[in-house]
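Letter by letter, the chains look like this.
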Amino acid sequence: MATLKTLAYLILYPGLLFIFFYSTFAEWYDRKLYARLQNRMGPTHTGRAGVLQPIADFIKLMSKEDIVPERADRGMFRALPAFGLAIVSAGMLLLPVWNYSLSNPSATSFSGDIVVLLYILSLPTFIFFLAGWSSTNLFSTVGATRVLTMLFGYEVPLFLTVLTPAVLANSWRLAEIAAFYRHHPWLALLNIPAFLIALICVQAKLERTPFDIPHAETEIVGGTFTEYSGKKLALFRLMMDVELVVAAGLLATVFLGGFPGGLLPGLINFIIKTLLVIFLLCLLRATTSRIRVDQVISLSWRYLAPLAVIQLLVIILIKGLIS
Amino acid sequence: MSFQIPIGPQHPALKEPVGVRVTVDGEIIREADLRLGYNHRGVEKLAEQKTWTQNIYLMERICGICSHSHATCYVQGVEKLMEIEPPKRGLYIRILVSELERVHSHLLWLGVAGHEAGFDSFFMYVWRDREIVMDILETISGNRVHYAINAIGGVRRDLDELQIKHILDSLEVLRQRSAYYEKLGTTEPSFVARLAGVGYLSREDAIELCAVGPTLRASGVPMDVRKDDPYAVYDEVPFEVCTADSCDVLGRTVVRIKELLQSYNIIEFLLKNLPAGPISVRAPRRAKPNEVVSRYEAPRGENIHYIKSNGSDKPERLKVRAPTLANYAATIKMLKNGFIADVPLIFAAIDPCICCAERSVAIVDARTAQERIVTMSSLRELSLKTAKHQARKREAEWPL
């Protein structure tokens, strides 16, 4: 029975099948919302209200010609998309959606899994950097350096703000943090500034406007993905969708009280809460313009990081007062 | 480590082929170089083979955005050559269309600026509202792009009361929306952060490098052909020359938005004071031998046509100096010491119309990358020399 449950966990929910369909759905939701905010229609034709459009795009890209540049590092160039997708999908398994018990830590829910998840979310950035670098295209190289430059900006505030609720909940385990805030909902309100900072940092991590600097099409064409085509590009795009879902899931777990209620209510909780986070991310995307890479650094070190530190100090003080 | 990045001739930031080669040091541009000639069409040569009236058709097709500007500039010059005076009503309608064209061109530019800065929502909103002015132009002329309203000696279509009412109604919507865009474009923090201080061009440099249009006015020089050398009926129309002192891309945006609001006032004035009478006079077929320089304030800046006649029904020489050409020198100045991220913004800020400005082709040796200037006769000799060794190709060879 336990083996069956684990298999279902890996393959069905929240494993590969669910990841594929839900992340494409999240992309559709994001695209449609973005389009409606801009007074456009967005996808309409494939499926009801265009809901199958991301899957159609994926299949189309899979069937396209796949070119590897002559001067590129062939092995790395080929392996990176698959690696990236595998890494972010593994991150999905760490989200406490189902198949965990609060009293017994397991392989997918253990003390310190919040750090592992943050680590797993850092890896795609390096995948993008290596992808750009190994393409040896000028635009890719510039994009790759931009990826790394941005990383130094947003990573510290992101870690600080995501760990703030963990400090208050006195646990390094995602399931326990979520459970803590379900029991003390008013304490979750204290984390609202951290939530907002984390939203901005996640936006930067996902490289969406105003932080779509590494693949700013009007400046450096496709940026890191300039040389990618066909299957590899399809995998990269799917990877970015999955990353969106995982990052939204992390924020929902840490700040919005997780996904309680076992299989079905937990699924509904998961969908509602991640869509809420994606909605906020989409709002940010639609109302801003792309900033420069040096502005990202100054924004995060001048405002985001100090604010995150202040928030952490405030939380530590409050924790001292409570106990 | 410095390396060269080729922006263009094919690049998502460019709507037309032009080469901008930037030598960068990390993210900072040290050297910039423009490569022209990818879009040369030989319009000037073609114009020498067409009659005066046929050339209106050709001049309109120099550019898709400022089609009316080139046609009007040409027609004004030819009217001076032929010594005819178009009637007042005709001039009013001609100027009305040119102001509407300015509105549509500036709205288009605003959208493009939003897109180049990665602010796609702004782009979508502005272009949605640009449709209103396109519809107005369609009601007046029947066309959205090449209005074909000009004729030598006046205009081709009259306005009726219903059309005037429609234009005035639509104008109100445009006014409100433009006020909103003024607020958005000058206060949205991330957008302003991208535009302010980018592409600095000092007042002295702007004058020295002969910049024209909004690029010049954004450097604080109130120069506008409509005011300095009023053509048609601009001496009767009240309006202000809009300038900005910030000398950067933000200033160019502000100038264009202010000009939009001025254009709405001009359009309203023209429609409310439209004189009665005929819209055109009959033009002769030939012009006496003479030469003329016609100036016109296009949305992008001063447009100059030099026309020479020799007594026949065709021009002997027609030289077009499009505003984009005048702004190229200033662009190079603006690009230096900027960021790569700002190249599309700075380049777009002059509102480049590449094909307007293409007047030559550079011959570059593919192996040595050396440029040569080749005359027509030596080009012909070269082609004969190369062709001599090749067997003449027959259209079809009989197999037996």
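In terms of regular secondary structure, chain A is built from 13 helices and zero strands. Counting helices and strands in the order they occur from the N terminus, chain A gives α-α-α-α-α-α-α-α-α-α-α-α-α. Against the compact-globule benchmark of 20 Å for 323 residues, chain A has a radius of gyration of 20 Å, which places it among compact chains. Once the C-alpha set of chain A is aligned to its principal axes, its extents read approximately 60 × 50 × 40 Å. Across the 323 residues in chain A, those meeting the buried criterion constitute 51%.

Let us now look at the overall build of chain B. A tally of regular secondary structure across chain B gives 15 helices and 10 strands. The C-alpha atoms of chain B give 23 Å as radius of gyration, which agrees with the globular expectation for 400 residues (21 Å, within 12%). Dimensions along the principal axes, computed over C-alpha positions, put chain B at roughly 75 × 60 × 50 Å. Taken across its 400 residues, chain B has 44% of its residues classed as buried.

Residues and elements named next belong to chain A. When the terminal C-alpha atoms of helix H4 (residues 74-94) are compared, their 32 Å separation across 21 residues agrees well with the 30 Å that a helix rising 1.5 Å per residue should span. Along H4, the sharpest kink reaches roughly 35°, centred on leucine 80 and followed within four residues by the proline proline 81. Along H4, the positions that sit buried rather than exposed are Leu80, Pro81, Gly84, Leu85, Ile87, Val88, Ser89, Gly91, Met92, Leu93 and Leu94. Buried residues in H4 make contact with helix H2 (16-37), helix H5 (113-135), helix H7 (174-183) and helix H11 (230-255).

Turning next to the pairing of strand E3 (residues 28-35) of chain B. Residue and element names in this part refer to chain B. Here seven bridges tie strand E2 (residues 19-25) to E3, and the two strands are oriented antiparallel to one another. Across the sheet, valine 24 pairs through a bridge with isoleucine 29, a residue of E3. Counted along the chain from E2 to the antiparallel partner E3, the turn is two residues long, and its residue glycine 26 has a positive phi close to 70°.

A word on the interface of chain A and chain B. You'll often see interface size given as the accessible area lost when the parts meet. Tallying the contact residues gives 23 residues for chain A and 27 residues for chain B. If you list the elements that add at least two residues to the side of chain A that touches chain B, you get helix H6 (138-169), helix H10 (217-220) and helix H13 (293-322) of chain A. Here the side of chain A that touches chain B gets three residues from one element, more than from any other, and that element is H10 of chain A. Split into classes, the residues belonging to the side of chain A that touches chain B amount to nine nonpolar, eight polar and six charged.

All names here are of chain B. Spatial strand order, E6-E7-E8: three strands in an open sheet with antiparallel pairing. The strands lining the two open edges of the sheet, one partner per strand, are strand E6 (290-298) and strand E8 (315-321). Each adjacent strand pair in this sheet contributes to an overall mean axis angle of 15°, direction not counted. Its contacts with the sheet place helix H12 (residues 323-335) against E6, strand E7 (301-309) and E8, and it is angled at close to 125° to E7.

Ala198 and Leu251 of chain A are the most contacted members of the largest nonpolar core, which totals 198 residues. Setting aside residues no more than four positions away along its own chain, leucine 251 of chain A makes contact with Ala198, Leu199, Val202 and Val277 of chain A.

Quick look at unusual backbone geometry now. Cis geometry marks the peptide bond from threonine 209 of chain A to proline 210 of chain A, where omega comes out at 5°. Backbone geometry places alanine 148 of chain B, a non-glycine residue, at a positive phi of 50°. Positive phi, normally seen in glycine, also occurs at asparagine 337 of chain B, with a value near 65°. Residue position: asparagine 337 of chain B is located in the loop between H12 and helix H13 (343-349).

Its 27 residues place the ends of helix H6 (residues 161-187) of chain B 39 Å apart at the C-alpha level, agreeing with the 39 Å of an ideal helix rising 1.5 Å per residue. Buried within H6 of chain B we find Ile167, Leu171, Leu174, Ser178, Tyr181 and Gly185 of chain B.

We now examine the packing of H5 of chain A against H11 of chain A. Residue and element names in this part refer to chain A. Their axes nearest at 11 Å, the elements H5 and H11 cross at an angle of 150°. By the criterion of interaxial angle, the relationship of H5 to H11 is roughly antiparallel. Note on packing geometry: the crossing formed by H5 with H11 is left-handed. Taken together, the residues of H11 that come into contact with H5 (itself represented by Leu117, Leu121 and Pro124) are Met239, Glu243, Val246, Ala247 and Leu250. Residue composition of the contact of H5 with H11, grouped by class: seven nonpolar, no polar and one charged.

Once that is clear, we can look at the confidence of the model for chain B. Summarising the model, chain B shows a mean pLDDT of 87, and 97% of its residues fall at 70 or more. For this predicted complex, the interface confidence score (ipTM) comes to 0.84, while the overall pTM stands at 0.86.

Attention shifts here to the sheet that holds E2 of chain B. All names here are of chain B. The strand order across the open sheet formed by three strands is E1-E2-E3, and the pairing between neighbours is antiparallel. Because the sheet does not close on itself, it has two edges, and the strands there are strand E1 (2-7) and E3. For this sheet, the mean angle separating the axes of adjacent strands, direction not counted, is 20°. Packing of H12 onto the sheet brings it into contact with E2 and E3, and relative to E3 it is tilted by some 160°.

Next up on the list: the packing of H6 of chain A against H13 of chain A. All names here are of chain A. Direction vectors running N to C along H6 and H13 enclose 15°, while the axes themselves pass 9 Å from each other. Between H6 and H13, the crossing angle belongs to the class labelled roughly parallel. Regarding H6 and H13, the two cross each other, and that crossing is left-handed. Considered class by class, the residues forming the contact of H6 with H13 number 19 nonpolar, six polar and two charged.

All names here are of chain A. The topology assignment puts threonine 136 in the loop between H5 and H6. Along the primary structure threonine 136 and proline 69 are separated by 67 residues, whereas in three dimensions their C-alpha atoms are 8.4 Å apart. Excluding residues within four positions of it along the chain, threonine 136 makes contact with Pro69, Arg71 and Ala72.

Residue and element names in this part refer to chain A. Take glycine 143: it is sitting in helix H6. With 83 residues separating them in the primary sequence, glycine 143 and threonine 226 have C-alpha atoms 9.1 Å apart. When neighbours within four sequence positions are excluded, glycine 143 is seen to be in contact with Gly132, Pro214, His215, Ile220, Gly223 and Thr224.

Time to look at the environment of leucine 117 of chain A. Residues and elements named next belong to chain A. Mapped onto the elements of the fold, leucine 117 is located in helix H5. For leucine 117, a count of 24 C-beta atoms within 10 Å corresponds to the buried category. Along the primary structure leucine 117 and alanine 247 are separated by 130 residues, whereas in three dimensions their C-alpha atoms are 9.3 Å apart. Beyond its immediate sequence surroundings of up to four residues, leucine 117 is in contact with Gly91, Leu94, Leu174 and Leu250.

Procedures and definitions
- Residues numbered from 1 in each chain as written.
- Chains lettered and ligands numbered in written order.
- Predicted model: local features only at pLDDT ≥ 70, side-chain atom pairs only at ≥ 80, totals over all residues.
- Helix = DSSP H or I, 4+ residues; strand = E, 2+ residues; numbered from the N terminus.
- Rg over C-alpha atoms; globule rule 2.2 N^0.38 Å.
- Buried ≥ 20, exposed ≤ 12 C-beta atoms within 10 Å, placed from the backbone.
- Expected span 1.5 Å × (residues − 1).
- Bend = angle between axes of the 7 residues up to and from the residue.
- Contact = placed C-beta atoms within 7 Å.
- Pairing = 2+ DSSP bridges.
- Nonpolar A, V, L, I, M, F, W, Y, C, P; charged D, E, K, R; others polar.
- Axes fitted to C-alpha atoms, helices over the stretch in contact; angles between N-to-C directions.
- Core = buried A, V, L, I, M, F, W, Y, C linked by C-beta atoms within 7 Å.
- Parallel < 35°, antiparallel > 145°, perpendicular 65-115°, else oblique.
- Left-handed = near helix turned anticlockwise from the far one by under 90°.
- pLDDT = per-residue confidence, 0-100.

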